[in-house]
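Given next are the chains, with one letter for each unit.
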Amino acid sequence: MKRLFVLSAFLITNHLHAQKFEKEDLYRTWCLDKYSDEEAYYEPSKKEVGDYISLKKDMTYEVKSEGELDSGTWMLNTNGNYLELKSEGAEAEKLYLYFLSTQSMVFTYDVDEYRIWEAHYVSCN
């Protein structure tokens, strides 16, 4: 009985941490809500208010970041659980997904100075 309990607890815990991401779940506009680290949640700065990521079915995107617009193509790598955003003439940017639902998306940036922060976006539409 004890082994069954341990096995059940392991399977439940493993299932909670092994979310499978589908690109169909990403087709929407996501608005920046907040940031977090291991200790607390933080509001976006004044220049980040209104920031968003719009992921379209034709695999193009539009991003507003600190008032600057950018666009390009995107892909979802399900093996590495990351989004890759590629704009014309720029290096691809990776966003490592931690959580995704119809109303919420949480990821970290693949940039050393921002890697400790989780970005929390909510569905705008």
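Residues numbered from 1 in each chain as written. Predicted model: local features only at pLDDT ≥ 70, side-chain atom pairs only at ≥ 80, totals over all residues. Heavy atoms only, no water.

1. Some details on the state of the cysteines
The bond known as a disulfide is covalent and runs between the sulfur atoms of two cysteines.
Now for step 1: The tally for this structure, following the rule as stated, stands at one disulfide.
Now for step 2: Linked covalently through their sulfurs, C31 and C124 form a disulfide whose S-S length is 1.5 Å. Taken together, the residues C31 in strand β1 (residues 28–36) and C124 in the segment after β9 (118–123) connect sequence positions 93 residues apart. (Disulfide = S-S within 2.5 Å. Helix = DSSP H or I, 4+ residues; strand = E, 2+ residues; numbered from the N terminus.)

2. A word on the side chain of S54
Now for step 1: Tracing the chain through its elements places S54 in strand β3 (residues 52–55).
Now for step 2: Reaching out from S54, the side chain makes a polar contact with the side chain of T29 at a distance of 3.1 Å.
Now for step 3: With residues up to four places along the chain from it excluded, the contact list for S54 reads R28, T29, T60, Y61 and E62. (Polar contact = N/O pair within 3.5 Å; in protein donor to acceptor, adjacent residues only side chain to side chain. Contact = heavy atoms within 4.5 Å.)

3. A word on the side chain of S36
Now for step 1: Turning to its location among the elements, S36 is positioned in strand β1.
Now for step 2: Polar side-chain contacts of S36 include one of 2.8 Å to the side chain of H120.
Now for step 3: The contact partners of S36, leaving out residues within four places of it in the chain, are Y41, Y42, I116, W117, E118 and H120.

4. Observations regarding the nonpolar core
Now for step 1: Residues L26, L55, W74, L83, M105, F107 and Y121 are the most contacted members of the largest nonpolar core, which totals 22 residues.
Now for step 2: Of all the secondary structure elements, the ones that give two or more residues to this core are β1, β3, β4 (60–65), β5 (68–77), β6 (82–87), β7 (93–100), β8 (104–109) and β9. (Core = buried A, V, L, I, M, F, W, Y, C linked by side-chain atoms within 4.5 Å. Buried < 20%, exposed > 50% of the residue type's maximum accessible area, 1.4 Å probe, protein only.)

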